Amino acid sequence: MHAIAGETLTMSDDITEKVLDVIAASKRMPREQVTATSTFEELGMDSLSGLNLIFDIESAFDVSVPDEVLERVKSVPQLIENLKLLLAQKAAPPGLPQ
Amino acid sequence: MGVICALGNDLASMWPACRDGHPGIAAITSLDTTNIRYKNGAEVRGFDPAQHFQPTQADFLDRFAQFALVAAREALASSGLTFSPGEGARTAVVTGSCVGGQSTQDAGFVSIYQQKTNRAHPLTIPRCMANAGASHIAMELGISGPVYTISTACSSANHAMGQAFWMVRSGLVDAAITGGSEAPFSFGFLKAWEAMRIVAPDTCRPFSKDRQGLIMGEGAGMLVLESMEAAQARGANILGEIVGFGMSSDAGHITSPTVEGPASAMRSALADGGLAPEDIGYINAHGTGTAGNDRMETAAIRSVFAQHADKLAVSSTKSMHGHALGAAGALEAVATVMALRDQLVPPTINFRVPDPECDLDIVANQGRPAVIGGALSNSFAFGGLNAVLAFRKI
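Residues numbered from 1 in each chain as written. Chains lettered and ligands numbered in written order. Predicted model: local features only at pLDDT ≥ 70, side-chain atom pairs only at ≥ 80, totals over all residues.

Peer 1: Looking at this model, I keep getting lost on the pairing of strand β1 (residues 2–5) of chain B. Mind explaining?
Peer 2: Regular strands show a simple pattern: their side chains alternate between the two faces of the sheet. All names here are of chain B. With burial as the criterion, each face of β1 is covered, one bearing Gly 2 and Ile 4 and the other bearing Val 3 and Cys 5. In this sheet, strand β7 (residues 219–226) lies alongside β1 in antiparallel orientation, the contact comprising four bridges. By the bridge assignment, Cys 5 is partnered in β7 with Gly 219. (Buried ≥ 20, exposed ≤ 12 C-beta atoms within 10 Å, placed from the backbone. Helix = DSSP H or I, 4+ residues; strand = E, 2+ residues; numbered from the N terminus. Pairing = 2+ DSSP bridges.)

And the structure:
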């Protein structure tokens, strides 16, 4: 368990950086203007650009973001948190022996 | 009038089902939904093209054009109008379609990209083009006047019927066959709607607080329009009267609606018809069942009608026949004409929880007798394009 936690932590930093890269590319804004604490509103996102971002995140991380998860995500930290959960589920699907 | 949709394949079956709140929404059967997040739609059922078309004609017709022809034939037959050779020059056909021959296009792409045939069927273009329905109606009925198709997403049919109405009113033509048709159930197109994340996982619940989105529908509605004087003079069976048309553009966002755009279109329709807000007793709402539309439409209705908004009946028949995109306004025009004729407001079915942001009299779950002198039918499209028709009891 400890080893897995350590790996997750390292992976998490990479995830954060990659998410910020994807946001900058998706929103066509300078990378330095995207921070890990921004809300979508602060980034000037509306519902359609939010959908575009999630589509780009799905492509970049090879995950599928369910509608009910999308409804919870209104900021970069929420996006990162939920993405990590999805990636963890993907790595170890629920119900399989840990 | 002629109609074909999930509630019935002609007016005699569609209107009683609509009036009585029958559900047209069910599991999609025309294609495999395993890899689509939503499973339900409002499909036309029991439609056998062979009963309507010779194989030589059917070869040229995508499903959306088949619907257009079937509804136009019914409309013309019920109007009693006939065209002698040469008379068709004073008649128009104006149809609405959002996406034209989707299933033909989808099959062509499957052939090229998936099956690697590297060849497309030669009838792909004539079947796909959005004006195919209008052209086949003109060809079959000998109508040689203005014939064209309007594509403004979910407002297509209302824009089409509004233009046809204005052409008849201005005397540009003596008669018009007008409405909309759509057949959007193709895998690629349903996936594109999935990506918008506004299709409900279960059903369409307009104005209900627990609404989760729209449900795709299909079909066609067609109306035969002529001046009241001409219709009376030949002793026609007159079903209803269109008195006004209004349109506007939000000039805002490509998918998010405004309040002012729809409100402006409703005001224009009232003004065009010489109607006061108090003349309206029923609004057939755009009422898609999405969070955004129903909230904004409520605000727009309140903005136009002020205190009279609380005396109006408002319902969304999309809860029954689904959202038929470019045919939506035509199905709803049929419902609105029949509501005025029978003095009965069709319900908004699937309604469960009142929403303070949609606090209109939305005629939940059961149709209701009402004294209605005038009615509006709203269509508001992606792209911010709004088109509203005003009707009056005859």
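Peer 1: Hey, could you run me through helix α11 (residues 291–305) of chain B in this one?
Peer 2: Each α-helix winds once per 3.6 residues, and so residues spaced three or four apart point in a common direction. Residues and elements named next belong to chain B. Taking 1.5 Å per residue as the helical rise, α11 with its 15 residues ought to reach 21 Å, and the 22 Å between its terminal C-alpha atoms agrees with that figure. All of the buried residues in α11 are Asn 293, Asp 294, Met 296, Glu 297, Thr 298, Ala 300, Ile 301, Val 304 and Phe 305. Lining the buried residues of α11 we find α10 (260–272), β9 (280–284), β10 (313–315) and β13 (374–381). Positive backbone phi, approximately 50°, marks Ala 306, located one or two places after α11. (Expected span 1.5 Å × (residues − 1). Contact = placed C-beta atoms within 7 Å.)

Peer 1: I'm lost on the interface of chain B and chain A in this one. Help?
Peer 2: Note: interface size is frequently given as the accessible area lost on complex formation between the parts. The interface of chain B with chain A comprises seven residues on the first partner and seven residues on the second. Residues of the side of chain B that touches chain A, tallied by class, amount to three nonpolar, three polar and one charged. (Nonpolar A, V, L, I, M, F, W, Y, C, P; charged D, E, K, R; others polar.)

Peer 1: What am I meant to see in the packing of helix α7 (residues 156–170) of chain B against helix α13 (residues 328–342) of chain B here?
Peer 2: Describing two packed helices takes the angle between their axes plus the distance from one axis to the other. Residues and elements named next belong to chain B. One way to put it is that α7 packs onto α13 with a least axis distance of 5 Å and a crossing angle of 65°. Contact residues: Ala 157, Asn 158 and Met 161 in α7; Ala 328, Gly 329, Ala 330 and Ala 333 in α13. In terms of residue class, the contact of α7 with α13 is built from five nonpolar, two polar and no charged. (Axes fitted to C-alpha atoms, helices over the stretch in contact; angles between N-to-C directions.)

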